[in-house]
Amino acid sequence: TICLVASVIGPVVLLLRSFLPVISVSDTFFAALFSEMASTIVAEKPQHPFVTLALAMGIVTATTGLLELLMGMGGLGRMVQFIPAPIVSGYLAAIGWIQIDCCAKVMLSC
């Protein structure tokens, strides 16, 4: 359900909130990871599941943003040109597999 909601509502929100020349897109890899994290947290039955999920996702998002900011300020973006195309293809294939795996677990209640 989380994957379905994220894939339907996410692009609409991003489309309405984007300004030219920058158009935001959702990152399906993180949607899959967040759905896996959410199902793991809910399976442990915390006292306040929504607060726990919101806090966990906030911490992960803030940490990711901080790391990306530090890497950008350090000029590490130039290193991307040295990554071979097969590595990028394998990374994208792994993202697809993780998304399929996570969504199948949620939909099939595995």
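Residues numbered from 1 in each chain as written. Predicted model: local features only at pLDDT ≥ 70, side-chain atom pairs only at ≥ 80, totals over all residues. Heavy atoms only, no water.

## Structural notes on the overall build of the protein chain
Okay, so step 1: Along the backbone of the protein chain there are four helices and zero strands.
Okay, so step 2: Element order for the protein chain, N to C, with α for helix and β for strand: α-α-α-α.
Okay, so step 3: Within the protein chain, the fraction of its 110 residues that count as buried is 11%.
Okay, so step 4: Put simply, 55% of the contacts in the protein chain that link residues at least 6 apart link residues at least 24 apart. (Helix = DSSP H or I, 4+ residues; strand = E, 2+ residues; numbered from the N terminus. Buried < 20%, exposed > 50% of the residue type's maximum accessible area, 1.4 Å probe, protein only. Contact = heavy atoms within 4.5 Å.)

## Re helix α3 (residues 49–73)
Okay, so step 1: The terminal C-alpha atoms of α3, which comprises 25 residues, lie 36 Å apart, in line with the 36 Å expected from a rise of 1.5 Å per residue.
Okay, so step 2: In the segment just after α3, glycine 75 is the residue with positive phi, at about 75°. (Expected span 1.5 Å × (residues − 1).)

## Things to note about helix α4 (residues 85–108)
Okay, so step 1: When the terminal C-alpha atoms of α4 are compared, their 34 Å separation across 24 residues agrees well with the 34 Å that a helix rising 1.5 Å per residue should span.
Okay, so step 2: Residues of α4 that are buried: Ile95, Cys102 and Cys103.
Okay, so step 3: Serine 109, located one to two residues past α4, shows a positive phi value of around 55°.

## Considerations on unusual backbone geometry
For residues that are not glycine, phi is negative in most cases, and the peptide bond is trans in most cases.
Okay, so step 1: At lysine 45, a position not held by glycine, the phi torsion is positive, near 55°.
Okay, so step 2: Assignment of secondary structure puts lysine 45 in the loop between α2 (28–43) and α3.
Okay, so step 3: Exposure remark for lysine 45: the relative accessible area of 68% places this residue in the exposed category.

The values reported here are purely geometric and, on their own, carry no functional implication.
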